[in-house]
Amino acid sequence: MKKLIYLDNAATTKTAPEVVEAMLPYFSEHYGNPSSVYSLAGESKKAVTKAREIIAGALGAESNEIYFTAGGSEADNWALKATAESYKNKGNHIITTKIEHHAILHTCQWLETNGFEVTYLNVDENGVVKLEELKKAIRPTTILISVMFANNEIGTIQPIKEIGEIAKKHGILFHTDAVQAFGQLPIHVDEYHIDMLSSSGHKLNGPKGIGFLYIRKGLKLRSLIHGGAQERKRRAGTENVPGIVGYGKAVERAMKTMEERTAKERELRDYLIDRVLREIPFTRLNGHRTGRLPNNANFSFQFIEGESLLIMLDMEGICGSSGSACTSGSLDPSHVLLAIGLPHEIAHGSLRLTLNEEVTTEDLDFVIENLKKIITRLRNMSPLYEDFTRRQ
C-alpha cells in the first residue's frame, strides 16, 4: 500500500490523539447536559467553562466573550447578519474583500437582497488589501468591515492591525475570519482592535462541527439561533460538550507548539516553493512570497488543468487541493486567483499544498518528483502547450 502524504491541511486536519483522548469521557461517562442542575451535568458545565477560558486566553480575550458555534461558517454568518440587524438604524453599508471565504461572500450577497450595500475591495497581485482603497470606501453609513486574517487559498496574511485601527478611528465594527490563522499565527484581539473573530476547530487538529465567535463585550448583537438560553442567551441549542472539550485541548496544544511547529512549517514551505519554482517551468507562486501562512504553498502551472493534476497526484498517494474545499465541486476557477489578476486559463491550473508538523523533507521530495513527471505528462497531452512550443 502506498504511503499517504496529506498536504491539504487548509481543508481539514487530523484530530490529534490527545484531543480525541480528552473528548472520549464526555461521550459516555460525563454525558450530562450542561444546562441541567445535577452533579453529572456539573462535570459537563465545568469542562465547557475550562475550554472557553483556554480559548479566550489564547486571544487575550475574556471567557464571556467566546460563543461556541457549529463551525466557522456559522460564526461568519452570525457576525455579519447580527451586525446588520442590530446596527441597521446606524447604517446599511458593509465593507469586505473580493477574496473572502464564501461564508462571508454569500452572506454579503444575501444581505444585499435585504437592503444592505456591500463594497468588495480589490486586492493587489499578492492578495493584500489596499488600505487606501479601504479608507476611501468608508461612508457615514458604514457599520462593519470584515476582512479575513489570512486567505484560505493563497495563504496571504492581511494587515489586520492597520485595518483594525482604521475601523476604530471611524467608529466602525471590525470582524475577521480567522479560521486559517488561529493556531498558526499569534492573535491578540485588543492589540488588533478586533470586535468579532470567527474560528473553526478542525483547522487546528481539533474535531469537526465546532467553532466559536468572539464578540467583544458591549456589542449589542442579536442571536442567530433562537430556542434556549445557552451561550448566555445568544446561541440556542444544547452545547456540543465533546466538541468543545476537544476544541479547548486543540487550542492548548496549538499554543504550546506554535513557535517550534510554525518554524518547521516555514522551512519546509520555503523548500517546497523554491524547488517547484526552480525545477518546473511556466510556474508561478500565488500569494505573498513571505507574508503568508507558515504552511501554505499555492502554485499555478500553465497549460494544465488542476483537476487532472489532483487525480494523478491522488493515484500516487498525495492529497492536495485546487483551492477551497468548499468549492471543490465547482468548474469555475478560483475567485481568489481571479481577484489577484490571473487569467482563467492559468487560474484553472492551480494547486494548493498545505503542510502539517508531520511532513518531512523526504515527503516533499517525493511530491516534487511526482509533480514534475505528472505536469510533463499533462503538458505533452495539451494542444495549448503544443502550440506554445511550436511558436518558440
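Predicted model, so just to flag it, every value in this text is computed and none were measured.

Peer 1: Which parts of the structure should I look at to understand the packing of aromatic side chains?
Peer 2: For any two aromatic rings, the description comes down to two numbers: the centre-to-centre distance and the angle of the planes. All told, the structure shown has 10 aromatic pairs when counted by the stated rule. Here tyrosine 67 and tryptophan 78 contribute two aromatic rings whose centre-to-centre distance is 5.9 Å and whose plane-to-plane angle is 75°, an arrangement assigned as edge-to-face. Of the two residues, tyrosine 67 sits in strand E2 (residues 66-69) while tryptophan 78 sits in helix H4 (residues 72-86), which places them 11 residues apart along the sequence. Summarising the burial analysis for this pair, tyrosine 67 and tryptophan 78 share the class buried.

Peer 1: Would you mind going over the nonpolar core with me for this structure?
Peer 2: One broad trend across soluble globular proteins is that nonpolar side chains are buried collectively. By size, the foremost hydrophobic cluster in this structure holds 56 residues, and its most contacted members are Leu59, Phe182, Ile187, Ile194 and Phe212. Breaking this core down by element, the ones donating at least two residues are helix H3 (39-59), E2, helix H6 (131-137), helix H7 (160-169), strand E8 (211-215), helix H9 (241-279), helix H11 (335-339) and helix H12 (344-347). When near neighbours in sequence (up to four residues on either side) are disregarded, phenylalanine 182 contacts Ile55, Ala58, Leu59, Ile187, Ser199, Leu204, Phe212, Tyr247, Val251 and Met255.

Peer 1: Whenever I open this one, H7 confuses me. Can you help?
Peer 2: Think of an α-helix as turning once every 3.6 residues; residues three or four places apart then point the same way. Taken together, the buried positions of H7 are Ile160, Ile163, Gly164, Ile166 and Ala167. The buried residues of H7 occupy an angular sector of 160° when projected down its axis, which confines them to one face. Across H7 from its buried face, at more than 90 degrees, point the exposed residues Lys168 and Lys169. Along its buried surface, H7 packs onto H6, strand E5 (142-146) and strand E6 (173-177). After H7 finishes, the residue glycine 171 shows a positive phi value of roughly 70°.

Peer 1: Just checking my understanding: could you explain the environment of histidine 175 for this structure?
Peer 2: Inspection of the secondary structure assignment puts histidine 175 in strand E6. With 22 residues separating them in the primary sequence, histidine 175 and leucine 197 have C-alpha atoms 5.6 Å apart. With near-sequence residues (within four places) excluded, histidine 175 lies in contact with Asp76, Ala79, Leu80, Ile104, Leu144, Ile145, Ser146, Val147, Met196, Leu197, Ser198 and Leu213.

Peer 1: Which parts of the structure should I look at to understand the pairing of strand E4 (residues 117-121)?
Peer 2: Both faces of the sheet carry side chains from a regular strand, because those side chains alternate between them. For strand E3 (residues 93-97) and E4, the ladder comprises five bridges, and the chain directions are parallel. Residue isoleucine 95 lies in a different strand from E4, and its bridge partner there is threonine 119.

Reading guide: rules and limits
- Residues numbered from 1 in each chain as written.
- Predicted model: local features only at pLDDT ≥ 70, side-chain atom pairs only at ≥ 80, totals over all residues.
- Heavy atoms only, no water.
- Phe/Tyr/Trp six-rings, centres within 6.5 Å; stacked < 30°, edge-to-face > 60°.
- Helix = DSSP H or I, 4+ residues; strand = E, 2+ residues; numbered from the N terminus.
- Buried < 20%, exposed > 50% of the residue type's maximum accessible area, 1.4 Å probe, protein only.
- Core = buried A, V, L, I, M, F, W, Y, C linked by side-chain atoms within 4.5 Å.
- Contact = heavy atoms within 4.5 Å.
- Arc of directions from axis to C-beta.
- Pairing = 2+ DSSP bridges.

Without other data, these values stay purely geometric and don't point to any function.
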